[in-house]
Amino acid sequence: MTAAAPAERVLPFTRLYERLLLVLVAVLPLFAIAYLHALQDSTLTQEHHGAHGIAILVAMTQSAFITYVTWRCYAASGEPLLRWLTLSLLGFTLVYAPHGLFTPLSHEHSALFLLYGPVSRLVMAACLLVGLLTYGRASDDAAARSAPRSWHAWIAGFLILDFVVAAVALGAGAHAPTIRIAVESVALLLALLGVALLIQRRIGSPLMLVYAISLAYFAQSSLAFLLADAWNHMWWLAHVISVSGFTLLSYGVIRAFHTTRAFSLVFSQEEVMAQLEAAKAEAELSARRLKEANANLEVLAATDPLTGLYNRRHFMARSRAEVSKAARTGAPIAVLALDVDHFKRINDRFGHAAGDDVLKVIAHGVSAQLRPTDLIGRWGGEEFMVLLPATDTAQAYAIAERIRLAVEALKVASGGTDIQATLSIGVAEYPLDGSGLDVVFNRADERLYGAKHAGRNRVEAA
């Protein structure tokens, strides 16, 4: 059982607790509404026109600022949801403003004073609901986002609505509460429908969670307004609930502005952690692949592609390191220069592919006769070079003879034909045959050609 197992068992309970907390936060205003409705005298009022006017002014300033920020987010991302969120805030600002202007007329023209609130909430709830229906759609065209004509048309429409509300409020029978109740009820239902739609679609974006709770607050605000009379405690509470929802929604807008400028592209902590884990795993995999690729490049840079032996450059580098070590310890180093006899004849008779097969088989055969500490490299063409650490000439001669006999016994199958090849080998010793590595290599090469001239398939050490 892993250490993470106990945490995994408690995870479903923490998820449930988290959801219960969110529900509690979303319906918290209901407790205050129920308290006032059941336990407080509805005739108690707190009428203060100055305080109400200041509150409306602050609300309008906040709304205008957040409207602008939302519009900037929409202009950057083109998210359709943000277009409708901008319109909801803009409509609320323009339609709700007369509610503050007509505060002094709350007694003479109560409908003129009260009707703008429900209509502004209806406009906001309708736009927020339409915005939800556009969630996840492709971004609007850049030209359409900044086109002033459509925005001017909406502004004109909201201002016309202000005049319509005034006309209705001043008309016959406008003092009856039925119009206000009807409008407020529709606003409440639209807000609840938006919450239900968010729950049904299971949208996981954290900003959409803010959106959902804000809609829940707007719905509860409308409920409080339906239960309230002007200036009583429930009426003030309804304002507080509405401001709370609006403030929460404005927080979501600010988070979007500071991050991705879109509601759908701000991820939850769980999503961020999952992406970080995936990115970490991908980075670790890339690092391993890079390490493997670098190792392969090092091998390719050091290896002869045909035989798999060290190439000449790398063989020389390794040999110099061995000579430096031998210079400190005083141990001898032997060098074998090997060349395939009559290799041109093999190529001419059997073809270059067969010649390549011969070189590969011989390289493998020579390597099989060497010790783990010995070095072998392809010197060029059909010639190989072997370096034998801590080995004198007599020992090297015995090794070279063993190599010669092993290669002579080989038969290379190529193209249905068995090819037999032999080696001529020259032996030299450091520092007996020279104080420099190049000198010793040249001496081994000279003795190799001495073996060639003496009849081939032989070892020459002096």
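What this report covers is the structure whose coordinates are included nearby. (Residues numbered from 1 in each chain as written. Predicted model: local features only at pLDDT ≥ 70, side-chain atom pairs only at ≥ 80, totals over all residues. Heavy atoms only, no water.)

1. What about the overall build of the chain?
Turning to step 1, where the next piece is worked out: Helices and strands together make up the secondary structure of the chain, namely 16 helices and 7 strands.
Turning to step 2, where the next piece is worked out: A compact globule built from 462 residues should have a C-alpha radius of gyration of about 23 Å, whereas the chain, at 45 Å, is more than 25% larger.
Turning to step 3, where the next piece is worked out: Expressed as lengths along the three principal axes of its C-alpha atoms, the size of the chain is roughly 130 × 50 × 45 Å.
Turning to step 4, where the next piece is worked out: Every one of the 462 residues in the chain was classed for burial, and the buried ones make up 44%.
Turning to step 5, where the next piece is worked out: For the chain, the exposed surface amounts to about 23900 Å²; the carbon and sulfur share of it is 64%.
Turning to step 6, where the next piece is worked out: When the 38 basic and 38 acidic side-chain charges of the chain are each reduced to a single mean position, those positions are 2 Å apart. (Helix = DSSP H or I, 4+ residues; strand = E, 2+ residues; numbered from the N terminus. Rg over C-alpha atoms; globule rule 2.2 N^0.38 Å. Buried < 20%, exposed > 50% of the residue type's maximum accessible area, 1.4 Å probe, protein only. Areas by Shrake-Rupley, 256 points an atom, 1.4 Å probe, with all protein chains shown as cover. Lys, Arg positive; Asp, Glu negative; His and termini not counted. Charge placed at Lys NZ, Arg CZ, Asp CG, Glu CD.)

2. Description of the packing of helix H3 (residues 80-101) against helix H10 (residues 233-258)
Turning to step 1, where the next piece is worked out: Remark: H3 packs on H10, axes separated minimally by 13 Å, with the N-to-C direction vectors making an angle of 150 degrees. When the interaxial angle is binned, H3 and H10 end up roughly antiparallel. The way H3 lies across H10 gives a crossing that is left-handed. Taking contact as the criterion, the partners of Leu-85, Leu-89, Phe-92, Tyr-96 and His-99 in H3 are, on H10, Trp-235, His-239, Phe-246, Leu-249 and Val-253.
Turning to step 2, where the next piece is worked out: A per-class count over the contact of H3 with H10 returns 8 nonpolar, 2 polar and no charged. (Axes fitted to C-alpha atoms, helices over the stretch in contact; angles between N-to-C directions. Parallel < 35°, antiparallel > 145°, perpendicular 65-115°, else oblique. Left-handed = near helix turned anticlockwise from the far one by under 90°. Contact = heavy atoms within 4.5 Å. Nonpolar A, V, L, I, M, F, W, Y, C, P; charged D, E, K, R; others polar.)

3. Regarding the environment of Leu-128
Turning to step 1, where the next piece is worked out: With respect to the helices and strands, Leu-128 occurs in helix H5 (residues 116-133).
Turning to step 2, where the next piece is worked out: On the accessibility criterion, Leu-128 (1% relative accessible area) is buried.
Turning to step 3, where the next piece is worked out: Once you skip the residues sitting within four places of it in the chain, Leu-128 turns out to touch Leu-85, Ser-88, Tyr-211, Leu-215, Phe-218 and Leu-249.

4. A closer look at a nonpolar patch on the surface
Turning to step 1, where the next piece is worked out: Residues Tyr-17, Leu-21, Leu-24, Leu-28 and Phe-31 make up a contiguous nonpolar surface patch of about 510 Å² in total accessible area.
Turning to step 2, where the next piece is worked out: Tracing the backbone shows Leu-24 in helix H1 (residues 5-39). (Patch = residues over 30% accessible without salt bridge, like charges linked within 9 Å, V, L, I, M, F, W, Y side chains within 5 Å. Salt bridge = Lys/Arg side-chain N within 4 Å of Asp/Glu carboxyl O.)

5. Some details on the pattern of salt bridges
Turning to step 1, where the next piece is worked out: Enumeration over the complete set of coordinates arrives at 14 salt bridges.
Turning to step 2, where the next piece is worked out: Residue Arg-121 pairs with Glu-184 through a salt bridge whose shortest N-O separation is 2.8 Å. Pair noted here: Arg-121 is in helix H5 and Glu-184 is in helix H8 (residues 178-201), with a separation of 63 residues, a long-range link. Neither residue differs from the other here; Arg-121 and Glu-184 are each classed as buried.
Turning to step 3, where the next piece is worked out: Residue Asp-339 is joined to Lys-452 by a salt bridge in which the shortest nitrogen-to-oxygen separation is 2.5 Å. Separated by 113 residues along the polypeptide, Asp-339 in strand S1 (residues 333-340) and Lys-452 in helix H16 (residues 437-453) bring together distant segments of the chain. Each member of the pair, Asp-339 together with Lys-452, is buried.
Turning to step 4, where the next piece is worked out: One connected set of salt bridges, linked through shared partners, spans Asp-433, Arg-443, Glu-446 and Arg-447.

6. A word on the sheet that holds S1
Turning to step 1, where the next piece is worked out: If you walk across this open sheet you meet the 5 strands as S2-S3-S1-S6-S7, and the pairing is mixed. Two strands close off the open sheet at either side, each with one partner strand: strand S2 (375-380) and strand S7 (459-460).
Turning to step 2, where the next piece is worked out: Bridging between S2 and strand S3 (residues 383-389) involves 5 bridges; their strand directions are antiparallel. Among the inter-strand pairings, Gly-377 is bridged to a residue of S3, identified as Met-385.
Turning to step 3, where the next piece is worked out: Helix-sheet contacts for helix H12 (residues 312-329) involve S1, S2, S3 and strand S6 (423-430), and the interaxial angle to S2 is about 135 degrees. (Pairing = 2+ DSSP bridges.)

7. Considerations on H5
Turning to step 1, where the next piece is worked out: For H5, spanning 18 residues, the distance from its first C-alpha to its last is 26 Å, which sits close to the expected 26 Å at 1.5 Å a residue.
Turning to step 2, where the next piece is worked out: The buried fraction of H5 is high, at 14 of 18 residues. (Expected span 1.5 Å × (residues − 1).)

8. Focus on the packing of aromatic side chains
Turning to step 1, where the next piece is worked out: A full pass over the atoms with the stated rule returns 16 aromatic pairs.
Turning to step 2, where the next piece is worked out: Pairing Tyr-68 with Trp-71 gives two aromatic rings, centres 6.1 Å apart and planes at 40 degrees, and the pair type is tilted. With a gap of 3 residues between them, Tyr-68 and Trp-71 both fall in helix H2 (residues 49-77), about one helical turn apart.
Turning to step 3, where the next piece is worked out: Seen from their ring centres, Phe-113 and Trp-231 are 5.8 Å apart, and the 10 degrees between their planes marks the pair as stacked. Linking Phe-113 in helix H4 (residues 110-114) with Trp-231 in the loop between helix H9 (206-227) and H10, this pair joins segments that are 118 residues apart in sequence.
Turning to step 4, where the next piece is worked out: In this structure Trp-231 comes out as buried when scored by relative accessible area, which is 3%.
Turning to step 5, where the next piece is worked out: One aromatic cluster is present, built from ring pairs that chain together Phe-113, Trp-231, Trp-235 and Trp-236.
Turning to step 6, where the next piece is worked out: Stacked on the ring of Phe-257, the Lys or Arg Arg-261 has its end atom at 4.1 Å from the ring centre. (Phe/Tyr/Trp six-rings, centres within 6.5 Å; stacked < 30°, edge-to-face > 60°. Lys NZ or Arg CZ within 6 Å of the ring centre and 35° of its normal.)

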